[in-house]
Amino acid sequence: MQPGRILVAGQDGAFVIKLVGDVRLTLCTTLDEFFDEMLSVEGFASVVVDLSDAINVDSTTLGLLAKLAIKAKDKFQFVPLILSTNPDITRVLQSMGFDRVFRIREEPLLNDEDLGELPVLDASEEGVRNRVLEAHRTLMGLSDSNHAKFRELVSLLEGQCF
């Protein structure tokens, strides 16, 4: 399976984030810190998340995406667009309640030659655990079904001490 990568482009406050391959929690620090930077850019106007080349997106990544959408709406009254051409990923997005926080479109971008790859950031085990915990809490807040799915994991993570 192709390892996960994050491609990004931005101009005049408009951003495109493309997740490629098998996107897992190893990229959570990179993704979370980029989201924070992007949302603090003066003149932020929009963000499109493109999942058309993603093979798998784990629950931590989904939680971070949900957090991004919630922050964009709260801070900028903007609902991000998510592109998903893989029916399995689209089904997961819909079952997790992403249609409440994203506009979901099932067509890809025309091309991605202007996107640059984000370098993967190192993170401590505690930093990753905290991001995983926050991502899953965000997912739990999207729906009762998600709350039931992730309650045990969140309890386990909350009980771990570093």
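The coordinates are above.
Since the model is a prediction, treat every value here as computed from it, not as a measurement.

Quick notes on the rules
Residues numbered from 1 in each chain as written. Predicted model: local features only at pLDDT ≥ 70, side-chain atom pairs only at ≥ 80, totals over all residues. Heavy atoms only, no water. Core = buried A, V, L, I, M, F, W, Y, C linked by side-chain atoms within 4.5 Å. Buried < 20%, exposed > 50% of the residue type's maximum accessible area, 1.4 Å probe, protein only. Helix = DSSP H or I, 4+ residues; strand = E, 2+ residues; numbered from the N terminus. Contact = heavy atoms within 4.5 Å. Axes fitted to C-alpha atoms, helices over the stretch in contact; angles between N-to-C directions. Parallel < 35°, antiparallel > 145°, perpendicular 65-115°, else oblique. Nonpolar A, V, L, I, M, F, W, Y, C, P; charged D, E, K, R; others polar.

**Q** Would you take a moment to explain the nonpolar core for this structure?
**A** One broad rule of soluble globular proteins: the nonpolar side chains tend to lie buried together. Within the largest apolar cluster, 44 residues are counted, with the highest numbers of intra-cluster contacts made by Ile17, Phe35, Met38, Leu51 and Phe98. Counting residues per element, the ones that place at least two in this core are strand S1 (5-11), strand S2 (14-23), helix H1 (28-39), strand S3 (46-57), helix H2 (59-76), helix H3 (87-95), helix H4 (125-142) and helix H5 (144-159). Of all the elements, H2 adds the most residues to this core, at seven residues. If we ignore the near neighbours within four places in the chain, the residues touching phenylalanine 98 are Leu62, Leu65, Ala66, Ile82, Leu93, Ile104, Leu139 and Leu142.

**Q** Help me understand the side chain of arginine 131, please; the structure alone is not making it clear to me.
**A** With respect to the element layout, arginine 131 can be found in helix H4. With a relative accessible area of 14%, arginine 131 lands in the buried category. In this structure, arginine 131 is in contact with Cys28, Thr29, Asp32, Glu33 and Leu64, ignoring residues within four places of it in sequence.

**Q** In this structure, what is going on with the packing of H1 against H2? I would like to understand it.
**A** Each pair of packed helices can be summarised by the angle the axes make with each other and by the distance between the axes. Remark: H1 packs on H2, axes separated minimally by 10 Å, with the N-to-C direction vectors making an angle of 10°. For the element pair H1 / H2, the angle class is roughly parallel. Between H1 and H2, the contacting residues are Cys28, Leu31, Asp32, Phe35, Asp36, Met38 and Leu39 on the first element and Thr60, Thr61, Leu64, Leu65, Lys67, Leu68, Lys71, Ala72, Lys75 and Phe76 on the second. Along the lines of polarity and charge, the residues of the contact of H1 with H2 split into ten nonpolar, two polar and five charged.

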